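Coordinate inspection notes
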Amino acid sequence: MKKYVCKVCGYVYDPAVGDPNAGIAPGTAFEDLPNDWFCPVCSVTKQDFEPED
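Overview of the overall build of the chain
When helices and strands are tallied, the chain shows zero helices and three strands. When the helices and strands of the chain are read in sequence order from the N terminus, they spell out β-β-β. A compact globule built from 53 residues would reach a C-alpha radius of gyration of about 10 Å, and the chain, at 10 Å, matches this within 12%. Along the longest, intermediate and shortest principal axes, the C-alpha atoms of the chain span 25 × 25 × 15 Å. Sorting the 53 residues of the chain into buried and exposed places 36% on the buried side. For the chain, long-range pairs separated by at least 24 residues make up 46% of all intrachain contacts whose partners lie at least 6 apart in sequence.

Conventions we followed
- Numbering of residues starts from 1 in each chain and follows the order in which that chain's sequence is written.
- In keeping with the predicted nature of the model, local features appear solely for residues at pLDDT of at least 70, side-chain atom pairs appear and are counted solely at 80 or more, and the whole-chain, interface and lining totals rest on all residues.
- Side-chain measures were taken over the full set of non-hydrogen atoms in the model, leaving aside hydrogen atoms and water.
- Strands are runs of DSSP state E lasting at least 2 residues, helices are runs of H or I lasting at least 4, and numbering of each runs from the N terminus.
- C-alpha atoms define the radius of gyration in this analysis, and the globule rule sets the expected value at 2.2 Å times the number of residues to the power 0.38.
- For every residue, the accessible area (1.4 Å probe, protein chains only) is compared with the maximum for its type, and the residue is labelled buried under 20%, exposed over 50%, or partly exposed between those bounds.
- We call two residues in contact whenever any of their non-hydrogen atoms come within 4.5 Å of each other.

Here is the structure:
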């Protein structure tokens, strides 16, 4: 699964880790995150993320 990077702060969403603080289990693909999920560092939305090269 592909990692995604926040274009604002550089936070990397890693599907292997998920986002435990937001209740997102490891193994959750970025595409499967809820639409109201936001960056845990700077609080921007999913639309401000791009696939990591």
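There is more to say after this.
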